[in-house]
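Letter by letter, the chains look like this.
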Amino acid sequence: MKKTLVLLFLSVLFLGAKAQSDLPNVTLKNLDGETINITELQNDGKPFVMTFWATWCGPCVKEHNALSEIYQDWQDETGVKIFAVSIDDSRSTPRIKPFVEGKGWEFDVLLDVNKDLARAMNVSNPPHTFLFDGNGKMVYQHTGYFEGAEEELYEEILKLVE
Amino acid sequence: MRRILLSLAFVFCATTLFAQIENSQVNGSFQIDGQYYKVDEAIGITSETIKGQKVGLNGFGKINYSLGNFTAGIRYEAFQTPLSGFDTRLQGFGIANYYASYDNGTVAVTLGDIYDQFGNGFIFRTYEEWALGFDNALRGMRVIYRPAAGVTLKALFGKQRLYWVEYGDAAKRGVVRGIDGEWDLNQSFETLNNTKFRATVGGSFVSKYQKNTNTTYTIPENVGAFDGRVNLGYGRFAFTTEYAYKINDPSAFNNYTFNAGQAILASLSYSQKGFGVIAQVKRVDNMSFKSDYKGVKNDLDINFIPPINYTHTHSLPAIYSYATQPLGEMAMQLQVNYTIPKNTIIGGKYGTKITADFSMVNDIKRNYILAEGQEAPTHIAGNSGTLGYTSPFFAVGDRKFFHDFNIELERRLNKKWKLIAQYINLYYDMDIIENHPGAPVVKANIAFVDLSYRITSKQSVRFELQHLWDNINKGNTTEESTFGHEDVYKKRGNWAAALVEYTIAPKWFVSVADKYNYGNPIAGNRDHYYTASVGYIKESTRIVLTGGRQSEGMVCVGGVCRVVPASSGFSLSITTSF
């Protein structure tokens, strides 16, 4: 039985479809409690970034501070939008809004309280950053954050708007 | 069981046939953590813990397949043998998780292993934390119905996963069933959207059924739990509250007491750009809820009561991290986030970010119902077979379990240097939190500095320095006084830690670190935990090789945070997704 399943699993992998590049059908809330279906995320035909982070994740906070410093410039130059998906669980859900506002971040924050989106997008360890083109197709992803990593992301964004 | 597998196999066959259809998509991920062990008795890696096997391995691979409204997935896991620090019941391999679901926006049906949460999870939460070896997925069925904008109704039932243990009959493991409803008023009443007012209300009911096999007590076979919640917002203010009530549910965990359980959490926050403040209060009384009344530790937890204190991820404060006491606690938390604007005297050229946080947890007040001659217990819920105790709702118990005051500053010093500094004051009742009767309380001060220097636009170097001052230290506690209680002193005394990391963004990193418990009252415990790591990251693939000695806990190196077990030797970790 198990062998059959593994074989099927592999056949899906090798004979099957293209790798996922579309947004998965998952519904999340934003900081105002509004529900948002991820398949409907868009940025008026311009590229957008989706970052997975948590309030307790130091590298994530560094990445978002770095992105926050240059977000206005990026928006002026490319019109890119950043959706910051928090994978904090109910330990810190009510603290996210004062945290984000207190840091002065201007991203669109989404709450993935039980990691539904993280699971659907195969995010194992935060931070994990995805770039989508204007049609909502994923074109680039990167896990982890080091000082200066935002520059490669920006090069990828520039490729999409040129 | 077999039938479910067969039908799933059929679904996979069918989907394979459809795979040529242009819209079908596949994604997945894969992770493998391997460890080559050296016996290192000083840090608890004995030939007993590694059971003669020199290599530990935790791995998983998962595939999700989607075609329009249809999604299916499967996850294979292998623990051969589980890494040290993980529950030994994980030993084994096989298909641990599978599901198929259809969602057309109005109705969604999922069959197989389900992860979901009602509200904060007070009466229902199934989730998976790979890094901790935790998975309580509900194997069964779920229907979600969205009859109108803003209204979500859910119903589900099934049995929960416990490692690789057979699901068994209704005596071995209970059936869990639940319903949940949530209504976002702003989506139903257009006029509300012209005001600053926002409101969401929700409620749930969860029940478990388990056949009673206990010969001493009449254990209720059906246990119900109710939950109600309200989220209100007005402009920059937000108020959320949730209350849960569980009927009598005697279990091994609560020493077979028959009183009802309750939990309440309320949060009030205010935020505007550059400033956010939040206050939270929580009361938990006898809220352990498991689908097996004989369950211990985290086995078969149906619910999740969130701790509300600050989550530390730096290695020294993470030594003493708090976990919710489901049998009873009164907790509060206050957090302020503030950005001192740039180009001000205090804020400096780039601005300064400040976070201050205070949290405190006490026991609830209990008036014990005791058997003749029985003394009041300090931790468990009282005399088994009775209500156990009565507890006035608003009274705070005398015993303090935990407090944490911390303040963090984050500032860019100039174009090249960035600084994060944190001071933490901790109070940690090891007796209660780690269940070590008689262990002395930890009163510690911790200082943390993270300094990064940008060499070029892509290369940087980061220094991390930490020190922990413990109230019990080699200077004031003799080794003789620890005799007979060695396990309580394993990590006590002062610690110093340092880390240097060199990164070439976004692909490479090298780091070396040492952590030294130099103040341990027991000379044999004054250990160094030194590690060296090198890692390569390309897109979603991450490969890290680590050598040295690792103490267990959260580790944030190489740009991500993960929980790691104690180990000595070499480890290789590979993570990828597609």
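Residue positions are given per chain, counted from 1 along the sequence in the order it is written. For naming, the first written chain is A and the first written ligand is 1, with later ones following in the order written. For a predicted model such as this one, the threshold for reporting local features is a pLDDT of at least 70, and the threshold for listing and counting side-chain atom pairs is 80 or more; totals across whole chains, interfaces and linings nevertheless cover every residue. Computation of side-chain values covers all heavy atoms of the structure but excludes hydrogens and water.

Comments concerning the overall build of chain A
Here comes step 1: When helices and strands are tallied, chain A shows five helices and eight strands.
Here comes step 2: Ordering the α and β elements of chain A from the N terminus gives α-β-β-β-β-α-β-α-β-α-β-β-α.
Here comes step 3: Sorting the 162 residues of chain A into buried and exposed places 65% on the buried side.
Here comes step 4: Considering only contacts within chain A whose residues lie at least 6 apart along the sequence, 70% involve residues at least 24 apart.
Here comes step 5: A total of about 5900 Å² of accessible surface is found on chain A, and carbon and sulfur atoms cover 50% of it. Numbering goes from the N terminus for both helices and strands, where a helix is a DSSP run of H or I of at least four residues and a strand is a run of E of at least two. Per-residue accessibility, obtained with a 1.4 Å probe over protein chains only, is compared with the maximum for each type, and a residue is labelled buried under 20%, exposed over 50%, and partly exposed between these values. Only heavy atoms enter the contact rule, under which two residues are in contact if any of them lie within 4.5 Å. To measure how exposed things are, a 1.4 Å probe is used in the Shrake-Rupley method; for residues, cover is taken only from the protein chains shown.

A short note on the overall build of chain B
Here comes step 1: Summing up its helical and strand segments, chain B has three helices and 32 strands in all.
Here comes step 2: Computed over C-alpha atoms, the radius of gyration of chain B comes to 26 Å, within 12% of the 25 Å expected from 2.2 N^0.38 for 578 residues, which places it in the range of a compact globule.
Here comes step 3: With the C-alpha coordinates aligned to their principal axes, the bounding extent of chain B is approximately 75 × 65 × 60 Å.
Here comes step 4: Every one of the 578 residues in chain B was classed for burial, and the buried ones make up 53%.
Here comes step 5: Accessible surface, chain B as shown: approximately 24800 Å² in total, 62% of it carbon and sulfur.
Here comes step 6: Charged residues are defined narrowly, with Lys and Arg counted positive, Asp and Glu counted negative, and His plus the chain ends left uncounted. Charge positions come from single atoms, namely NZ of Lys, CZ of Arg, CG of Asp or CD of Glu. Positive and negative side-chain charges in chain B, numbering 58 and 51 respectively, have mean positions lying 7 Å apart. We compute the radius of gyration from the C-alpha atoms alone; for a globule the expected value is 2.2 Å times N to the 0.38, where N is the number of residues.

Remarks on the interface of chain B and chain A
Here comes step 1: Counting residues at the interface gives 102 residues for chain B and 72 residues for chain A.
Here comes step 2: Using a 1.4 Å probe, buried area is obtained as the accessible area two parts lose upon being combined, added over both of them. Carbon and sulfur atoms make up 53% of the surface buried where chain B meets chain A, a total of about 7300 Å² over both sides.
Here comes step 3: Area buried by chain B at its contact with chain A is led by Gln25, Pro506 and Glu539 of chain B, which between them contribute 8% of it.
Here comes step 4: Here, a salt bridge means any Lys or Arg side-chain nitrogen found within 4 Å of an Asp or Glu carboxyl oxygen. In this structure, lysine 103 of chain A engages glutamate 410 of chain B in a salt bridge whose closest nitrogen and oxygen atoms are separated by 3.6 Å.
Here comes step 5: Counting of polar contacts relies on pairs of N or O atoms within 3.5 Å, with two restrictions inside protein: one atom must be capable of donating a hydrogen and the other of accepting it, and residues adjacent in sequence are counted only when both atoms are side-chain atoms. The tally of links from chain B across to chain A stands at 29 residue pairs in polar contact (both at pLDDT 80 or more).
Here comes step 6: Ranked by the residues each element gives to the side of chain B that touches chain A, the list is headed by strand S2 (residues 55-67) of chain B, at seven residues.
Here comes step 7: Split into classes, the residues belonging to the side of chain B that touches chain A amount to 36 nonpolar, 41 polar and 25 charged. Three classes are used: nonpolar for Ala, Val, Leu, Ile, Met, Phe, Trp, Tyr, Cys and Pro, charged for Asp, Glu, Lys and Arg, and polar for all others, with Gly counted as polar.

Things to note about the pattern of salt bridges
Here comes step 1: Here the structure, examined in full by the defined rule, presents 48 salt bridges over all chains.
Here comes step 2: Linking arginine 399 of chain B and aspartate 429 of chain B is a salt bridge whose minimum nitrogen-to-oxygen distance equals 2.8 Å. Linking arginine 399 of chain B in strand S22 (residues 396-412) with aspartate 429 of chain B in the loop between strand S23 (417-428) and helix H3 (430-433), this pair joins segments that are 30 residues apart in sequence.
Here comes step 3: Exposure remark for arginine 399 of chain B: the relative accessible area of 27% places this residue in the partly exposed category.
Here comes step 4: One network of salt bridges, with partners in common, ties together Lys29 of chain A together with Asp180, Glu182, Asp227 and Arg229 of chain B.

Details of the environment of aspartate 404 of chain B
Residues and elements named next belong to chain B.
Here comes step 1: Tracing the chain through its elements places aspartate 404 in strand S22.
Here comes step 2: Note on aspartate 404: relative accessible area 0%, which makes it buried.
Here comes step 3: In this structure, the C-alpha to C-alpha distance between aspartate 404 and tyrosine 428, residues 24 residues apart in sequence, is 8.6 Å.
Here comes step 4: Discounting residues that sit within four places of it in the chain, aspartate 404 has contacts with Tyr310, His312, Asp357, Phe358, Ser359, Ile424, Asn425 and Leu426.

Comments concerning the domain arrangement of chain B
Residue and element names in this part refer to chain B.
Here comes step 1: In this entry, domain limits derive from an automatic or database-based domain assignment. Entries for chain B in the domain assignment read domain 1 (1-87) and domain 2 (104-306).
Here comes step 2: Opposite the twelve residues of domain 1 that make contact, domain 2 presents 13 residues.
Here comes step 3: Taking both sides of the interface into account, the surface hidden between domain 1 and domain 2 amounts to around 1000 Å²; carbon and sulfur atoms contribute 58%.
Here comes step 4: Remark: the boundary between domain 1 and domain 2 carries four salt bridges.

Considering the sheet that holds strand S7 (residues 128-132) of chain A
Residue and element names in this part refer to chain A.
Here comes step 1: Paired strands, in this sense, are two strands between which DSSP finds at least two bridges. Sheet architecture is open: seven strands sit in the order S3-S2-S6-S5-S4-S7-S8, paired in mixed fashion. Each end of this open sheet is capped by a strand with a single partner; those strands are strand S3 (35-37) and strand S8 (138-143). Neighbour-to-neighbour, the strand axes of this sheet turn through a mean angle of 30°, independent of strand direction.
Here comes step 2: Most of the contacts of helix H5 (residues 149-161) go to S7, to which it runs at about 15°, and overall it touches strand S4 (48-53), S7 and S8. Here the axes come from fitting lines to C-alpha atoms, over the contacting stretch only for helices, and the angles between their N-to-C directions go from 0 to 180 degrees.

What about the state of the cysteines?
Residue and element names in this part refer to chain A.
Here comes step 1: The definition used for a disulfide is geometric: two cysteine sulfur atoms within 2.5 Å. With the rule as written, the count across this model stands at one disulfide over all chains.
Here comes step 2: Residue pairing for cysteine 57: its cysteine sulfur links by disulfide to cysteine 60, the two sulfurs lying 2.2 Å apart. Between cysteine 57 and cysteine 60, the disulfide has an S-S torsion of 75° and is therefore right-handed.
Here comes step 3: Accessibility expressed as a relative area gives 0% for cysteine 57, which makes it buried.
Here comes step 4: Residue class for cysteine 60 comes out buried when judged on its relative accessible area of 0%.

Some remarks on the pairing of strand S25 (residues 459-470) of chain B
All names here are of chain B.
Here comes step 1: Examined bridge by bridge, strand S24 (residues 442-454) and S25 share eleven bridges and lie antiparallel to one another. Opposite arginine 454, over in S25, you have serine 460 as the bridge partner.
Here comes step 2: Linking S24 back to S25 in an antiparallel pair, the connection comprises four residues.
Here comes step 3: One ladder, built from ten bridges, connects S25 with strand S26 (residues 495-504); its direction is antiparallel. In the sheet register, phenylalanine 463 faces S26, and the bridge partner there is valine 500.

A look at the confidence of the model for chain B
All names here are of chain B.
Here comes step 1: The pLDDT averaged across chain B works out to 88; a share of 91% of its residues lies at or above 70.
Here comes step 2: Scored between 0 and 100, pLDDT is the confidence that the predictor attaches to each residue. Taken as a whole, residues 557-561 scores under 50 in pLDDT and shows 32 contacts with residues more than four places along the chain or in a different chain.
Here comes step 3: Interface scoring of the predicted complex returns ipTM 0.87; its pTM is 0.88.

Observations concerning a nonpolar patch on the surface
All names here are of chain B.
Here comes step 1: Here, patches come from residues exposed beyond 30% relative accessible area and free of salt bridges, joined within 9 Å for like charges and within 5 Å for nonpolar side chains (Val, Leu, Ile, Met, Phe, Trp, Tyr). On the surface, Tyr36, Val55, Ile455, Tyr502, Ile504, Trp508, Val510, Val534, Ile543, Leu545, Phe570 and Leu572 cluster together into a nonpolar patch covering about 990 Å² of accessible area.
Here comes step 2: Elements supplying a minimum of two residues to the nonpolar patch: S26, strand S27 (508-516), strand S29 (541-550) and strand S32 (567-577).
Here comes step 3: If you trace the backbone, isoleucine 455 turns up in the loop between S24 and S25.
Here comes step 4: On the basis of relative accessible area, isoleucine 455 is assigned to the partly exposed category, the value being 33%.

Considerations on the environment of leucine 387 of chain B
Here comes step 1: Within the secondary structure, leucine 387 of chain B is located in the loop between strand S20 (367-368) and strand S21 (389-390).
Here comes step 2: Taking the relative accessible area as the measure of exposure, leucine 387 of chain B reaches 46% and is therefore partly exposed.

Notes on the packing of helix H2 (residues 58-78) of chain A against H5 of chain A
When two helices pack together, their arrangement is given by the angle between their axes and by how far apart the axes lie.
Residues and elements named next belong to chain A.
Here comes step 1: Following both chains from N to C, one finds H2 and H5 inclined at 15°, their axes separated by 12 Å at the closest point. It follows that H2 is roughly parallel to H5 by the angle criterion. As for how H2 packs across H5, the hand of that crossing is right-handed. Note on element contacts: H5 touches H2 through Glu150, Leu153, Tyr154, Ile157, Leu158 and Val161, opposite Ala66, Leu67, Ile70, Trp74, Glu77 and Thr78. Every angle not falling under 35 degrees, over 145, or within 65 to 115 is termed oblique; those three ranges are roughly parallel, roughly antiparallel and roughly perpendicular. Rotating anticlockwise by less than a right angle from the far helix to the near helix defines a left-handed crossing, while the corresponding clockwise rotation defines a right-handed one.

Re the side chain of serine 452 of chain B
Here comes step 1: If you trace the backbone, serine 452 of chain B turns up in strand S24.
Here comes step 2: Of the residues examined, serine 452 of chain B reaches a relative accessible area of 4% and is grouped as buried.
Here comes step 3: Residue contacts for serine 452 of chain B: discarding those within four places in its chain leaves Glu147 of chain A together with Lys416, Trp417, Lys418, Val461 and Arg462 of chain B.

Here's the deal with the packing of aromatic side chains
Here comes step 1: Pairing of aromatic side chains requires ring centres within 6.5 Å, counting the rings of Phe and Tyr and the six-membered ring of Trp. Pairs whose planes differ by under 30 degrees are stacked, by over 60 edge-to-face, and all others tilted. Enumeration according to the criterion identifies 31 aromatic pairs over all chains in this entry.
Here comes step 2: The interplanar angle of 70° and the centroid separation of 5.7 Å between the aromatic rings of tyrosine 127 of chain B and phenylalanine 304 of chain B together place this pair among those described as edge-to-face. One end of the pair, tyrosine 127 of chain B, is in the loop between strand S7 (125-126) and strand S8 (128-129); the other, phenylalanine 304 of chain B, is in the loop between strand S17 (275-285) and strand S18 (328-340), with 177 residues separating them in the sequence. This pair shows no difference in class: tyrosine 127 of chain B is buried, exactly as phenylalanine 304 of chain B is.
Here comes step 3: Seen from their ring centres, tyrosine 217 of chain B and phenylalanine 258 of chain B are 6.3 Å apart, and the 75° between their planes marks the pair as edge-to-face. Taken together, the positions of tyrosine 217 of chain B in the loop between strand S13 (197-209) and strand S14 (222-234) and phenylalanine 258 of chain B in the loop between strand S15 (237-246) and strand S16 (261-272) put the pair 41 residues apart, joining distant regions of the chain.
Here comes step 4: Put simply, the rings of Trp53, Tyr71, Phe99, Trp105 and Phe107 of chain A pair up and form one aromatic cluster.
Here comes step 5: Geometrically, a lysine NZ or arginine CZ counts as sitting over a ring once it is within 6 Å of the ring centre and also within 35 degrees of the ring normal. Across the ring face of tyrosine 127 of chain B, the terminal group of arginine 125 of chain B is positioned such that the distance to the ring centre comes to 3.7 Å.

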